[in-house]
Amino acid sequence: MSYYLTVDIGGTKTACAAGTAAAEILHRREHPTPVAQGPEACLERIARELRHVLREMRGTSPAPEAVGVACGGPLDSRTGTIYSPPNLPGWDGVPVKAFLEERFGLPTFVENDANAGALAEHRFGAGRGKRNLIYLTLGTGIGGGIIIDGRLYRGTTDDAGEIGHTTILPDGPECLCGKRGCLEALVAGPAIQARAQRLAREHPGSLMNGLVTRSGEITPAVALQAAKQRDWAACEVFRETGLYLGIGIANLIQVLNPEVIALGTIAVHARNLLLSPARRSARRHSWPRAWKAVRVVPSKLGERVGDLAALCCALNAGA
Ligand SMILES: [Zn+2]
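Residues numbered from 1 in each chain as written. Predicted model: local features only at pLDDT ≥ 70, side-chain atom pairs only at ≥ 80, totals over all residues.

(A) Spatial organisation of the overall build of the protein chain. Along the protein chain, the regular secondary structure elements total eleven helices and 13 strands. Relative to the globule expectation of 20 Å for 319 residues, the C-alpha radius of gyration of the protein chain, 20 Å, shows essentially globular dimensions. Looking at the protein chain as a whole, 48% of its 319 residues are labelled buried. Intrachain contacts of the protein chain at a sequence separation of at least 6 include 62% that bridge at least 24 residues. (Helix = DSSP H or I, 4+ residues; strand = E, 2+ residues; numbered from the N terminus. Rg over C-alpha atoms; globule rule 2.2 N^0.38 Å. Buried ≥ 20, exposed ≤ 12 C-beta atoms within 10 Å, placed from the backbone. Contact = placed C-beta atoms within 7 Å.)

(B) Quick peek at the domain arrangement of the protein chain. Along its sequence, the protein chain is carved into domain 1 (4–119 + 304–315) and domain 2 (129–299). A straight line from the C-alpha centre of domain 1 to that of domain 2 covers 28 Å. At the junction of the two partners, domain 1 supplies ten residues and domain 2 supplies 15 residues. In terms of residue count, helix α3 (residues 113–124) provides more of the side of domain 1 that touches domain 2 than any other element does, six residues in total. (Domains from an automatic or database assignment.)

(C) Representation of the sheet that holds strand β6 (residues 81–83). With antiparallel pairing, the three strands of this open sheet are ordered in space as β5-β6-β7. What marks the edges here is a single partner per strand, and that holds for β5 (75–76) and β7 (92–95). Contacting β6 and β7, helix α2 (residues 96–104) runs over the sheet at an angle of about 20 degrees to β7. (Pairing = 2+ DSSP bridges. Axes fitted to C-alpha atoms, helices over the stretch in contact; angles between N-to-C directions.)

(D) A look at the packing of helix α5 (residues 189–202) against helix α6 (residues 220–228). Direction vectors running N to C along α5 and α6 enclose 60 degrees, while the axes themselves pass 8 Å from each other. If you check the angle between α5 and α6, you find them oblique. The element α5 and its partner α6 pack so that their crossing is left-handed. Every residue of α6 that contacts α5 at Gly189, Ile192, Gln193 and Ala196 is listed here: Pro220, Val222 and Ala223. Among the residues forming the contact of α5 with α6, the class breakdown is five nonpolar, two polar and no charged. (Parallel < 35°, antiparallel > 145°, perpendicular 65-115°, else oblique. Left-handed = near helix turned anticlockwise from the far one by under 90°. Nonpolar A, V, L, I, M, F, W, Y, C, P; charged D, E, K, R; others polar.)

(E) Representation of the environment of Pro277 within the structure. Structurally, Pro277 can be placed in helix α9 (residues 272–284). What makes Pro277 buried here is the crowd of 21 C-beta atoms within 10 Å. As for Pro277 and Glu240, which are separated by 37 residues in sequence, their C-alpha atoms are 8.0 Å apart. For Pro277, the residues in contact, after removing those within four places along its chain, are Phe238, Arg239, Gly242, Leu243 and Gly246.

(F) Focus on the sheet that holds strand β2 (residues 13–19). Ordered in space as β3-β2-β1-β4-β8, the five strands form an open sheet in which the pairing is mixed. If you trace the sheet from one side to the other, it starts and ends with β3 (25–32) and β8 (108–112), each paired once. Put simply, the sheet's adjacent strands are angled 15 degrees from each other on average, direction ignored. The strands touched by α3 within the sheet are β4 (67–71) and β8, with β8 carrying the most contacts at an inclination of about 105 degrees.

(G) Broad picture of the packing of α5 against helix α7 (residues 232–256). As a packed pair, α5 and α7 sit with axes 9 Å apart at the nearest point and diverge in direction by 140 degrees. Comparing their axes, α7 and α5 come out oblique. For the crossing formed where α5 meets α7, the hand is right-handed. Across the interface between the two elements, Ile192, Arg195, Ala196, Leu199 and Ala200 from α5 touch Ala233, Glu236, Val237, Glu240 and Thr241 from α7. When its residues are assigned to classes, the contact of α5 with α7 shows six nonpolar, one polar and three charged.

Here's what the structure looks like:
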């Protein structure tokens, strides 16, 4: 059985595993990313974990075909070098590909996690059998990946798909990237949290005020819990978020005319509480023919997306 090694590097945890072209993930090992100890320590830990996975695979399979790595960007997918992602402080110019190729002697492919997620969603998830797909992660930040005619579109400087930083409101809230009114500043986790806190304040009777976390915070999870109980202010949090998200989606529809737009993380948890207002807004802001051709859906891969994303980096090799 031929297989691939997968590495999904996140700001809090890293997962290493073996995976097959049929999306089977074997001998998965997860460890906290030792961010505070610097990139060398992180890479050494990954090498150790991969050696464990290789030992487990020995006897059942020949050597792996390749290594796939998914990691937060910015990064250069050609050289496999990572440049200071916000979730990995101190990682500036870390040659992940060179390190792993030197250690394991296997071709290694590194992709930013949103692009890798798009590859996975296209191959195994909501975009199976489709030509054109856009994948949006919707967590603390917003990443995006674009598949056109079955291939990942990277753009001229590897910056294609940075949909989170398209401008939705020119005078909107400040974004971490330095601009104002980016999609990310309006609909990512921190923006949902700020909106929930404001609406909870404005509506003292809202269930959100009684559901605060142990630290007294009104988080997106609190808003979601209250919205599921049909609390008006909590539902309004997702209606407002959906309005902006829908504008972002409509812009993608107008430019790229995709068949599927798959949304991860928060959309997977919130489902129609967020997707219904987002679809209404997207329909209002896009042309009818292009709108009719597209399905706006939650990601199908859920928790598996990280491992499958890394796997797809290896499967996509050379594309
Ligand atoms: Zn931005």
